[in-house]
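Structural description and commentary
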Amino acid sequence: MSKTFSSINSNSHAAEQNPKLAYRPFGSQVQKASVAPVTETDIEDITFAEQSIEATGLELQAKYGKITPEGQERLTVLQAKMDGLLNSRLEHATRFGHNFANIPLRKPNIAAPIQAKLTIGEPGDKYEQEADETARQVVQSIHQPQSDKLQRESLPEEEEELQMKPMVQQNGGALQGMIQTVKNEQKRGDKHRRGARAQKTIALLGNNIKANLDGHIFNALPVSGGLPNPASPVGLHAYTNGGLPNGIQQVSIQGSATKVHNLMWRWSNGTATKSSTMFPNWMPPSHVRTLIALDFPDTRQQDVAANLLFPTDTKVRINRGHQINLHKAGDTVYPTL
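Remember, predicted model here, so these are calculated numbers, not experimental data. Starting from 1, residues in each chain are numbered consecutively following that chain's sequence as written. Only residues with pLDDT of 70 or above have their local features reported here, since the model is predicted, and side-chain atom pairs are shown and tallied only from 80 upward, although totals for entire chains, interfaces and linings are computed over all residues. Calculated side-chain values reflect all of the structure's heavy atoms, with hydrogen atoms and water omitted.

1. Here's the deal with the overall build of the chain
Threshold: Strands here mean DSSP runs of E at least two residues long; helices mean DSSP runs of H or I at least four residues long; both are numbered from the N terminus. Burial classes follow relative accessibility: with a 1.4 Å probe on protein chains only, a residue under 20% of its type's maximum area counts as buried, one over 50% as exposed, and anything between as partly exposed. The contact criterion used throughout is that any non-hydrogen atoms of two residues lie within 4.5 Å.
Secondary structure assignment for the chain yields nine helices and five strands. Traced from its N-terminal end to its C-terminal end, the chain shows the element sequence α-α-α-α-α-α-α-β-β-β-α-α-β-β. Counting every position in the chain, which comprises 337 residues, the buried fraction comes to 27%. In the chain, once contacts between residues fewer than 6 apart in sequence are set aside, the share between residues at least 24 apart is 63%.

This is the structure we're talking about:
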């Protein structure tokens, strides 16, 4: 057998002469492994954190009875998405026999060591011993990340949490800022979409109730048609630009004119008075007509397909935080206190 291991021997002497070239079996590789590209799992974790924060806010609204139907629908969607991800992770962990909490998020990026081509020498000589030591170090460096992982899995939950805490504190501020930016953009986008839907619905229904009902509500005309009878006033449930029609006198108001209220009134050439339940005086006629046409489709002059209308968004925009309920009696519609 020929004398060999010259490449290993020369490398060994170079390492002794220059400590900077000495072999570091693990530390340098860990440093490389710690810088990893963003993976699909990282993106899922960030998305899950955003969804969790948004869902928490909606749950608080639901707890205090302030959640809207859209908010409740959004909460259901968020919970379904989060449950789906958790179930997927749990199914994967169960299938491969891992502890779900300790599934690694990144695979260590360890480059395979370059092995010199060697020729076998005499058994037990010093070159063979050096080769054995080098091989042992290489094998140790290859298996070290897995050993560390197993050691981390064996740590108590409290100790692992303490080890992770500095990393969470370091990255938490940036993550929270990113999540808040995303939430702000979502809110602005949602507000714009809701406003656009409400405007579309008002455009379709704001002048779309039957003529006789329109005259009855805004001008105190008989819903069956004809001229008003001063001795028997009828109708009148809404203002036009905050005012009453010509020829009608206000007698008194019960409640606030900025909310649904009762108005006592009479014709100027009559003595009989009538109590009418009125829409708020700030509400435009197009909004009054839209509310009526949304709740009672049979009052519409022209039919409109349901998929073109957005009742919830429209009512939120029109009502301005007020609770306005409508009642239909025969051919007339009016708000209720």
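2. Quick word on the sheet that holds strand β3 (residues 274-278)
Defined as follows: Any two strands between which DSSP finds at least two bridges are classified as paired. Angles shown run from 0 to 180 degrees and are taken between the N-to-C directions of axes, each axis being a line fitted to C-alpha atoms and, for helices, limited to the stretch in contact.
Judged by pairing direction, the sheet is antiparallel, and its three strands sit side by side in the order β1-β2-β3 without closing on themselves. The open sheet has two edge strands with one neighbour each: β1 (248-254) and β3. Pairs of neighbouring strands in the sheet enclose a mean axial angle of 35 degrees, with direction left out of account. Note: strand β2 (residues 261-267) against β3, five bridges, orientation antiparallel. Its bridge partner being in β3, M264 is matched across the sheet by S275.

3. Observations concerning the pairing of β1
For a regular strand, side chains alternate in direction, first toward one face of the sheet and then toward the other. For β1 and β2, the ladder comprises six bridges, and the chain directions are antiparallel. For Q250, the partnering residue across the bridge sits in β2 and is W265. Between β1 and the antiparallel strand that follows it, β2, lie six residues; G255 among them carries a positive phi value of about 100 degrees.

4. Points about the packing of aromatic side chains
Put simply, the rule reads: In this analysis, rings of Phe, Tyr and Trp, with Trp reduced to its six-membered ring, are considered paired at centre separations within 6.5 Å, and the interplanar angle assigns stacked below 30 degrees, edge-to-face beyond 60, and tilted for intermediate values.
Within the structure shown, the criterion is met by one aromatic pair. Ring geometry for W265 against W267: centres 6.2 Å apart, planes inclined by 75 degrees, an arrangement best described as edge-to-face.

5. Some words on the environment of P280
Mapping P280 onto the fold places it in the loop between β3 and α8 (285-295). Among all residues touching P280, those that are not within four sequence positions of it are Y239, A257, T258, K259, V260 and I324.

6. Considering the pattern of salt bridges
What counts is decided by this rule: The term salt bridge refers to a pairing of a side-chain nitrogen on Lys or Arg with a carboxyl oxygen on Asp or Glu at a separation within 4 Å.
According to the stated counting rule, one finds seven salt bridges in the structure shown. K315 serves as the salt-bridge partner of D295, at 2.7 Å between the closest nitrogen and oxygen. On the criterion of sequence distance, the pair formed by D295 in helix α8 and K315 in helix α9 (residues 311-319) is long-range, its members being 20 residues apart. For D295, a relative accessible area of 33% puts it in the partly exposed group. For D303, the salt bridge identified is with R300, shortest N-O distance 3.6 Å. Looking at D303, the relative accessible area reads 70%, which means it is exposed.

7. Here's the deal with helix α7 (residues 211-219)
Of all the residues in α7, the buried ones are L213, D214, G215, H216, I217 and F218. Of the surrounding elements, those touching the buried residues of α7 are α8 and β5 (332-336). A220, located one to two residues past α7, shows a positive phi value of around 60 degrees.

8. Topic: the packing of α7 against α8
Under the convention used in this document: When describing relative orientation, an angle under 35 degrees is termed roughly parallel and one over 145 degrees roughly antiparallel, while 65 to 115 degrees is termed roughly perpendicular and anything else oblique. Here is the rule for handedness: rotate from the far helix to the near one, and if that takes an anticlockwise turn smaller than a right angle the crossing is left-handed, while a clockwise turn gives right-handed. Amino acids are sorted into nonpolar (Ala, Val, Leu, Ile, Met, Phe, Trp, Tyr, Cys and Pro), charged (Asp, Glu, Lys and Arg) and polar (every other residue, Gly among them).
Where α7 meets α8, the axes come as close as 12 Å, and the angle between the chain directions of the two elements is 125 degrees. With respect to α8, the element α7 is oriented oblique. In terms of crossing hand, the pair formed by α7 and α8 is right-handed. Residue-level contacts link L213, D214, I217 and F218 of α7 to P285, V288, R289 and I292 of α8. Of the residues in the contact of α7 with α8, the class split is six nonpolar, no polar and two charged.

9. Remarks on the side chain of T299
Of note, T299 is situated in the loop between α8 and α9. Excluding its chain neighbours within four sequence positions, the residues that come into contact with T299 are N208, I209, K210, L213, I292, A293, K328 and V333.

10. A look at unusual backbone geometry
Of all residues except glycine, most have a negative phi; of all peptide bonds, most are trans. Located in the positive-phi region is L236, a residue other than glycine, with phi close to 65 degrees. One can find L236 in the loop between α7 and β1. Non-glycine residue N241 carries a positive phi angle of around 55 degrees. Take N241: it is sitting in the loop between α7 and β1. The class of N241 is exposed, set by a relative accessible area of 73%.

11. Here we look at the nonpolar core
Our working definition: Put simply, a nonpolar core is a bunch of buried Ala, Val, Leu, Ile, Met, Phe, Trp, Tyr and Cys residues held in one set by side-chain atoms that sit within 4.5 Å of each other.
One finds F279, M283, V288, L291, I292, I324 and L326 to be the most contacted residues of the largest nonpolar core, which totals 22 residues. For this core, the secondary structure elements donating two or more residues are α6 (157-205), α7 and α8. Ranked by the residues each element gives to this core, the list is headed by α8, at five residues. Core analysis: the second largest hydrophobic core is formed by eight residues, A220, L236, L263 and M278 among them.

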